[in-house]
Structure formats: structure tokens, C-alpha cells
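# Tertiary structure, described
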Amino acid sequence: MSLTKFILRFAAPISRIEDHTTFLFVGPHPDDIEIGAGATVKKLTEAGKQVFFLIATDGRFGTEHAACSGDSLVKERQKEALASANALGVKRVYFLPFSDGGFYDREALLNAIAKAAGEIQPDVIFAPDPEVHAEAHTDHLNVGNAVKLFACFASNPGIMKKRGAKHFSLKAAAFYMTAKPNQIVKLKKRHLDDQLSAIFDHHITQFPKGDPSAKQIALYLKIRSLNMGLKKAALHGEGFRVTDGLHMHCLPESD
């Protein structure tokens, strides 16, 4: 670690996720939050925290089976998202009207996320990490970048007004599905079990019973959870790249 980075840890520390009260998780598609951070969601709600979900796209193209697509798939995926969120203890789920696959205006997406966040006024907002080099899904990148850009000006009254949103004091942005976590939430096995149940017992259109991909993702999540836990002397964990207004503005050393 460089001397500059060492000094930054003390001069401009980033607050712990669990020290806050209200959280907004933004998912590109109806199942992404659970895959990226479902165990942490359960831990937060279990502790009495206020957790909200915002689903950015309707997931109408989230299938390779033409028999179940379009509006019928949208309705089914919303039902699945609500059931999954309810199982995790989420307070409320919001759905934005955008089609998945990148068929929307990115400025409109940014404004819609800013407006929803302004109404909820979370302490911490979550999204997929748009800085992951391997990430190629346009919705993941667009949503992650929208949250990244929005987080920088959330407290600015003039800019938020131009976005049609209320300004508020956002304490941090936390990016899940990240390759460079700087904060790990310690978890217990029951949190991982609840995450897996939320995904595979509810998001049936994406993970039909017996689907080989479901077994692969479940195994990946178990290994990821154990790996993150080992880094914090815990059985399980989820990693996030956490930043705040100071670190995302003119402090390149914080990267």
C-alpha cells in the first residue's frame, strides 16, 4: 500500500455499510440484486434496517424461449421479484418502465433512478460495479454508471432539480458484483441459505428446476461467500466496492 493510500484511510475513511439505516438496492434486472447482494440484504433487514429495491428494466428479453417473452414474461418476473424481496424482508420494490437489452435513453434512466432515490432518500445506494472489465451486459453497465454518476450529485439541489428529483445527503455508494471489494460484510450460513432460496425458489423463469445453470450459479455463490468470509475471519461474506462523495471526486488515489 502506498503512503498516500495509507494516509487516505485515516484522513478520509469510508463509513461501514452496516452503520447506516436506510438502503436502496438498484438492480438492472429482477434477479440481479439477489445474486449480487442477497445475503447482505437479508442481514440488513434481519437487523431492522429499511431496505428498498429498485428494478431498472422489465426483463422482457430475459429468456431464450420465445413461448414466454414480452409482456407475459414482464408480469411473471415482477411477481417473482416481489415474492423474492418479500422473503428477504424488503420494505418495498419499485419498478422502472424500461425494456432490458439497452433499448432506452441512458439520461432517462439516470433521471428515473435519481427521482426514485430522492423519494426514498437512502443512506447507501447499491448497484452493479460498472468498472469490472469482464462485464459486458449493457444493462449492468448502464445501471452501474447511472448510479455512479447520480451518487456524485445527490446532495446538489440545483442538479437534482434539473433531474426532476429531490436532493438529499447520500452517505455512500456500494457496488456489488465487483472484482475489487474494499469492504466485506460478514455473514452467517443462514444468510447465504436465504439468498439461495430467494433466487432459486422464486426466480423460476430464470432458473427452472433442473436447469444446469442454476447449479453452476449456486456453487459459484457458495464459493464466493466462503472466500469473502475467509478474508474477514468469518464463515461467509459479501464484498462491495464502497465509495462516497469525497472519494469519487478528485481523489484518484482512493481507487
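These numbers come from a predicted model, not from an experiment.

## With respect to the packing of aromatic side chains
Any pair of aromatic rings gets described here by the distance separating the centres and the angle formed by the planes. Counted under the stated rule, the structure contains ten aromatic pairs. Centre to centre, the rings of Phe126 and Phe240 are 5.4 Å apart; their planes meet at 75 degrees, and the pair counts as edge-to-face. With Phe126 in strand S4 (residues 124-128) and Phe240 in strand S7 (residues 236-243), this residue pair connects regions lying 114 residues apart in the sequence. For the pair formed by Phe126 and Phe240, the shared burial category is buried. A centroid spacing of 6.0 Å and a plane angle of 85 degrees characterise the contact between Phe150 and Phe153, whose relative ring orientation is edge-to-face. Pair noted here: Phe150 and Phe153 are both in helix H5 (residues 138-153), with a separation of three residues, about one helical turn. Taken individually, Phe150 and Phe153 each receive the classification buried, so the pair is uniform in this respect. Taken together, the ring pairs connect Phe23, Phe25, Phe53, Phe126 and Phe240 into an aromatic cluster.

## A short note on the pairing of strand S2 (residues 50-57)
Burial analysis of S2 places seven of its eight residues in the buried class, which makes it a mostly covered element. Of the pairings in the sheet, the one linking strand S1 (residues 22-27) to S2 comprises six bridges and is parallel in character. Pairing of Thr22 across the sheet is with Gln50, part of S2. Crossover S1 to S2 through helix H2 (residues 32-46) is right-handed. Relative to strand S3 (residues 92-98), S2 is paired through five bridges, and the arrangement is parallel. Along S3, the bridge assignment pairs Phe53 with Val93.

## With respect to the environment of Asp19
Mapped onto the fold, Asp19 is located in the loop between helix H1 (3-11) and S1. With 93 residues separating them in the primary sequence, Asp19 and Ala112 have C-alpha atoms 27 Å apart. At 2.7 Å, the side chain of Asp19 forms a polar contact with the side chain of Arg16.

Basis of the calculations
Here the residue index of a chain counts from 1 through its sequence in written order. The predicted nature of this model means local features are confined to residues of pLDDT at least 70 and side-chain atom pairs, given and counted, to a pLDDT of 80 or more, with totals for whole chains, interfaces and linings taken over all residues. The side-chain values count all of the structure's non-hydrogen atoms but skip hydrogen atoms and water molecules. The rule is short: rings of Phe, Tyr and Trp, with Trp giving its six-membered ring, pair when the centres are within 6.5 Å, and they are stacked under 30 degrees, edge-to-face over 60, tilted in between. Helix numbers and strand numbers start at the N terminus; a helix is a DSSP run of H or I with at least 4 residues, a strand a run of E with at least 2. Each residue's exposure class comes from its accessible area (1.4 Å probe, protein chains only) as a fraction of the maximum for that residue type: buried when under 20%, exposed when over 50%, partly exposed otherwise. A strand pair is defined by DSSP finding two or more bridges across the two strands. Crossovers are marked right-handed if the path from the first strand over the helix to the second runs clockwise, as seen with the strands pointing away from the viewer. N or O atoms within 3.5 Å of each other form a polar contact, as long as, within protein, one can give a hydrogen and the other can take it, and as long as residues adjacent in sequence are counted only when both atoms are side-chain atoms.

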